[in-house]
Amino acid sequence: MSEKNTQALKKQKMSTVGVIALIYSFVAAGAFGIEEAISASGPGATIIMLLLFPFVWSFPLCEMVGEMGSILPAEGGIYSWGREAFGEFWGWQIGLWSALTTWLCQAQYCALIVGYAAKFVKMSDTTEYLMKVVVVVVFTVINIIGLDWLEKLETLFTVLVLIAFGAVAVVGFMHWDYNPVSPLFNPEEGLLHSFGEGIAIIIWMYCGFECMSNMAEEMDNPQIIPKAMRLAQPVIALSYILPTLAALAAVGQWSAWSTEQGGGKIGYADVLIQHVGSWAGLLFVIVAVISNCSIFCSYIAHGSRAFFVMADDHMFPGIMKKVDRRGIPTVSILLLAVFTIITCKFDFTTLVMATTPIQLYMYLALVVIIVKFRKWYPISERKKVGLTSMPGGVPGLVVLSGCVIFITMFCIYANGTDYFITGFTVLFGGLIAYVLCKWAYKGRVLDNAELYPLNPKTKLGLGDLIDIGGYLILTGAMSLGAWVFLRWYEGGYGVEYYKEEYGSGLFSNWKLMLAICLWVGILSLAAGLIFYFIGKKTEGPKLEALKDARHEDLNQHLRELHGFVPGEPGVEEIYEKIRAEKAKEEALE
């Protein structure tokens, strides 16, 4: 068995308040971005979505992440969960989606920091880029110092952001001059398309709850993550709803709302500028810069851990898993910093188009992971040993996961044909990248050749042919679904809209994009069925023979994490003994 670096990570004991602050910075760090939803969907539709999504999106995701983070508080978070639930292939794909989402978003947040600063400090292009580099360097150093400093800094940032938006809410409600929910939707878009235009932004505003789980094995007390997420939810929701409602009531002009400045554009800062003074608006803009610094800083921590764990599993270059003497994945953090500096000049829209769909695919995978782990470790057994679970039992799982599936599927398609094609390209890129990484780095066979052997003919993992077949079948079905939905959803304006939006190239030809969806879907389904049945015939029996041994390997990992496995004989007595020992340690401290 080769050397593993995950156990060498520095352990930190973090407070509940500190973890709440980190979660807040991962998900929110202020209401910046909602401005675009207001002008696209209309104020009424935006407020409705802000009110509904904490219940139908945020709460289900938090509970899912909390349940998985409680049973398997492993470094890498959702990557590790996917790997243990469905094997190396699917875990790697999910890990890639998670890591790419973060790595590509870093450049976006860095650009936003400089963009807000440019509103009150004139800078040349060179100065702007140098400022981006400074931001990257400063917050990279903070992450290298360790999670304890990151916790303190994010707590400070969170307090400042909440104060700023609290001021907007108070001043806005004191100067209520407009109906904040009129019109109900954008009259130029219609009811359905109004919600379709803004739903991606609102989902983005409520994304990121899974990020904290990436660092679980660096915490002495990872079981506080589920608790902190439940406490963070109302803070995040209220920090969106109250300032937005108050700002619309105070300044109106919903169609002029934008994250940009000048040309009659309106934003949260205008509430303070109009009713308090320009100095208050200036302070708010400074907090906007701090807000995006907060997101940028916390996402370095999340993103650097994603590829670190994949490298530790021998599925990425070994340099990504290097840990310094203090137990910090310094090399991974530095590589993320270099990547961010390079991508700072990339087009913002292109990065968003690439990241949004794959993040949604990741959430679909989370639902299936939950189901698989419940089959192995029933909720009734977990409750006996103090592990967190989603409320409502099986009906609760059906309702909450149903909300996530419905919203995710609608958003994947309603984002538009251009977004779907871009995200779909990433899916196929991930398939090719997995094969290349498996051939180059070997994967889990280096840890345990008996449990995770290679197929001598394909040089891939045993079972990979089956998984690749399933992957192609699912992607083909998604592509055919896009062909059906988008023909109906964009049929009245697709040709003219994409021609006007892009002018030339693939994205300017709506009919060609639909044809790609159709034929790629058909070919993927056909190829997937071939791979699946070949894999079942040649690898199925051997894979079935290893199933129990692989599950026992997971049980052993749970014993290392918790000291017990839910459902095993005598587990309650072991749990009570561990609780008593921890209580004594805390009393001595």
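Residues numbered from 1 in each chain as written. Predicted model: local features only at pLDDT ≥ 70, side-chain atom pairs only at ≥ 80, totals over all residues. Heavy atoms only, no water.

1. So, empty space enclosed by the protein
Let me state the cut-off plainly: Cavities and pockets are found on a 1 Å grid laid over the protein atoms alone: a cavity is a set of points where a 1.4 Å probe fits but cannot escape, a pocket is an open set with protein on both sides within 12 Å along at least five of seven lines, and a lining residue has an atom within 4 Å of such a point. Grid points are joined across faces, edges and corners, and a volume is the space filled by probe spheres set on the points. Helix and strand definitions follow DSSP, with helices as H or I runs of at least four residues and strands as E runs of at least two, each counted in order from the N terminus. Only Asp, Glu, Lys and Arg are considered charged in this grouping, and only Ala, Val, Leu, Ile, Met, Phe, Trp, Tyr, Cys and Pro are considered nonpolar; every other residue, Gly among them, is considered polar.
Scanning all chains against the criterion turns up 2 cavities of 30 Å³ or more. Taken as a whole, the largest cavity spans an internal volume of roughly 40 Å³. Ala200, Ile203, Trp204, Cys207, Thr356, Gln359 and Leu360 together form the lining of the largest cavity. Secondary-structure elements contributing two or more residues to the lining of the largest cavity are helix H8 (191-205) and helix H13 (348-376). Residue composition of the lining of the largest cavity, by class: 5 nonpolar, 2 polar and no charged.

2. As for the packing of helix H15 (residues 393-414) against helix H17 (residues 464-489)
Keep this limit in mind: To get an axis, fit a line to the C-alpha atoms, keeping to the stretch in contact for a helix; angles then go from 0 to 180 degrees between the N-to-C directions. Each angle receives one of four descriptions, namely roughly parallel if under 35 degrees, roughly antiparallel if over 145, roughly perpendicular if within 65 to 115, and oblique otherwise. In a left-handed crossing the near helix is turned counterclockwise from the far helix by less than a right angle, and in a right-handed crossing that turn is clockwise. Should any heavy atoms of two residues lie within 4.5 Å, those residues are counted as being in contact.
At a minimum axis separation of 9 Å, H15 and H17 run at an interaxial angle of 65 degrees. It follows that H15 is roughly perpendicular to H17 by the angle criterion. Taken as a pair, H15 and H17 cross one another with a handedness that is right-handed. Contacts between H15 and H17 pair Met409, Phe410, Ile412, Tyr413 and Ala414 from the former with Ala477, Met478, Gly481, Ala482, Phe485, Leu486 and Tyr489 from the latter.

3. Structural notes on the packing of helix H16 (residues 417-441) against helix H19 (residues 510-538)
Two numbers describe how H16 lies on H19: the axes approach to 10 Å, and their chain directions differ by 35 degrees. With respect to the hand of their crossing, H16 and H19 are arranged in left-handed fashion. Of the residues in H19, those touching H16 at Thr417, Asp418, Phe420, Ile421, Phe424 and Phe428 are Trp510, Met513, Ile516, Cys517, Val520 and Ser524. Taken together, the residues of the contact of H16 with H19 break down into 9 nonpolar, 2 polar and 1 charged.

4. Notes on the layout of surface pockets
Its boundaries defined by the atoms lining it, the second largest pocket holds a volume of some 1,400 Å³. In terms of lining, the second largest pocket is formed by 45 residues, of which the most central are Ala85, Phe86, Trp90, Lys372 and Asp467. Elements that contribute at least two residues to the lining of the second largest pocket include exactly helix H4 (78-86), helix H5 (88-117), H13, H16, H17, H19 and helix H20 (540-562). Examining the composition of the lining of the second largest pocket, we find that 9 residues originate from one element, H17, more than from any other. For the lining of the second largest pocket, a count of residues per class yields 24 nonpolar, 7 polar and 14 charged.

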